[in-house]
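Residue strings, one per chain:
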Amino acid sequence: QLQASGGGLVQAGGSLRLSCAASGRTFSRYVMGWFRQAPGKEREFVATISWSGGSTYYVDSVKGRFSISRDNAKSTVYLQMNSLKPEDTAVYYCAAKDGMALSQMHRLYDYWGQGTQVTVSS
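Given the structure is predicted, the values throughout are model-derived calculations rather than measurements.

Peer 1: Whenever I open this one, the side chain of R65 confuses me. Can you help?
Peer 2: Its place among the elements puts R65 in the loop between strand 6 (56-58) and strand 7 (66-71). Among the polar contacts listed, one links the side chain of R65 to the side chain of D88, at a separation of 2.7 Å. Apart from residues no more than four positions distant in its own chain, R65 is found in contact with Q80, M81, N82, S83, L84, K85 and D88.

Okay, here's the thing in structure tokens:
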């Protein structure tokens, strides 16, 4: 089970940190990812992180602004979001993927959290 939290309303240029707590599985053996979905749009990849946290990958639109990290001792993955823009407004989902390979493809992720709303005002 994945439980995402930390969303909210923020002004453009502001910051938020999303958290996703996992339970019931060996967290450290899952690649973790963040995705987002804006109204009327398809679910979009945001970031992913390897088992150890040593490898990360981001969609171009968030590079330099967002940072994904994980704490395996706490079974939690984070998404630090800085310099937020109105176009970052979406429901953000965390997801877990079996295996070692990082992926941008949402259909390859096996478990999903419930989503947390991020709204950035201009």
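Peer 1: Mind showing me how you'd approach the layout of surface pockets here?
Peer 2: A probe matching the size of a water molecule, rolled over the atoms, marks out where space remains unfilled. Reported here for the largest pocket is a volume of approximately 170 Å³. In the lining of the largest pocket, the residues fall into four nonpolar, two polar and six charged.

Peer 1: Any chance you could explain the pattern of salt bridges here in plain terms?
Peer 2: Side-chain pairs of opposite charge can arise whenever the charged atoms involved come near each other. What the rule picks out here adds up to four salt bridges. A salt bridge links E44 to R36; the shortest N-O distance between them is 2.7 Å. By relative accessible area, which is 30% here, E44 ends up partly exposed. For the salt bridge of D60 with K63, the shortest nitrogen-to-oxygen distance reads 2.9 Å. Of the residues examined, K63 reaches a relative accessible area of 44% and is grouped as partly exposed. Salt bridges sharing common partners tie together R36, E44, R65 and D88.

Peer 1: Got a minute to help me understand the nonpolar core in this structure?
Peer 2: Soluble globular proteins tend to bury their nonpolar side chains together. In terms of nonpolar packing, the biggest core is built from 34 residues, with W34, L79, M81 and Y92 touching the most fellow members. A per-element tally of this core places strand 9 (residues 90-97) first, with five residues. If we skip the residues at most four places from it in the chain, L79 touches L16, R17, L18, W34, V46, A47, F66, S67, I68 and Y92.

Scoring rules and cut-offs
- Residues numbered from 1 in each chain as written.
- Predicted model: local features only at pLDDT ≥ 70, side-chain atom pairs only at ≥ 80, totals over all residues.
- Heavy atoms only, no water.
- Helix = DSSP H or I, 4+ residues; strand = E, 2+ residues; numbered from the N terminus.
- Polar contact = N/O pair within 3.5 Å; in protein donor to acceptor, adjacent residues only side chain to side chain.
- Contact = heavy atoms within 4.5 Å.
- 1 Å grid on protein atoms, 1.4 Å probe; cavity = no way out; pocket = protein on both sides within 12 Å on 5 of 7 lines; lining within 4 Å.
- Points joined across faces, edges and corners; volume = space filled by probe spheres on them.
- Nonpolar A, V, L, I, M, F, W, Y, C, P; charged D, E, K, R; others polar.
- Salt bridge = Lys/Arg side-chain N within 4 Å of Asp/Glu carboxyl O.
- Buried < 20%, exposed > 50% of the residue type's maximum accessible area, 1.4 Å probe, protein only.
- Core = buried A, V, L, I, M, F, W, Y, C linked by side-chain atoms within 4.5 Å.

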